[in-house]
Amino acid sequence: LPGTIDRPSIISVPGARAIWLADDVDLVRPEVILRGREFAHIHPDGSLHASLPPERARAAIDAGWAEPHPLAEPLGMPGLVMLYTPLTMAELDVVVALVVDSYNFVTGRSVDAATLGAREP
């Protein structure tokens, strides 16, 4: 994704990798980022936390791709979800598309997941 940096997470477990936004990337929804410019992170087991538009988060949960983050309700962040570890390339496409949705939500950009090789869920 344009303007992202792979770095250690500042809010997750040891070994988690952050998808961090570079300083020159505008944030249109900074309130959905828990710390720094880390809009998503990947756990060592392959699951991810990301902030999605609330309606997209609900659709992902209903479709069985995600579950609400334990802090989503207490923090008033209904789009904060955990995305399950993809087990196949088709599942990876879905997860990549959801991460792109998160990126677009946080930055206000409109990157198409298909341009990254992912198929829309």
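I will try to describe carefully the structure that is included in this document. (Residues numbered from 1 in each chain as written. Predicted model: local features only at pLDDT ≥ 70, side-chain atom pairs only at ≥ 80, totals over all residues. Heavy atoms only, no water.)

**Overview of the nonpolar core**
Consideration 1: With 31 residues, the main nonpolar core has Leu21, Phe39, Val81, Leu83 and Val99 as its most contacted residues.
Consideration 2: The set of elements that each furnish at least two residues to this core consists of β2 (17-21), β3 (38-42), β4 (48-51), α1 (54-62), β6 (80-83) and α3 (89-107).
Consideration 3: The leading source of residues in this core is α3, at nine residues. (Core = buried A, V, L, I, M, F, W, Y, C linked by side-chain atoms within 4.5 Å. Buried < 20%, exposed > 50% of the residue type's maximum accessible area, 1.4 Å probe, protein only. Helix = DSSP H or I, 4+ residues; strand = E, 2+ residues; numbered from the N terminus.)

**Focus: the pattern of salt bridges**
Consideration 1: Summed over the entire model, instances satisfying the criterion amount to four salt bridges.
Consideration 2: Aspartate 101 is the partner of arginine 56 in a salt bridge, and the nearest nitrogen-oxygen pair spans 2.5 Å. Within this pair, whereas arginine 56 is found in helix α1, its partner aspartate 101 is found in helix α3, the two being separated by 45 residues in sequence.
Consideration 3: Residue aspartate 101 is classed as buried on the basis of its relative accessible area of 17%. (Salt bridge = Lys/Arg side-chain N within 4 Å of Asp/Glu carboxyl O.)

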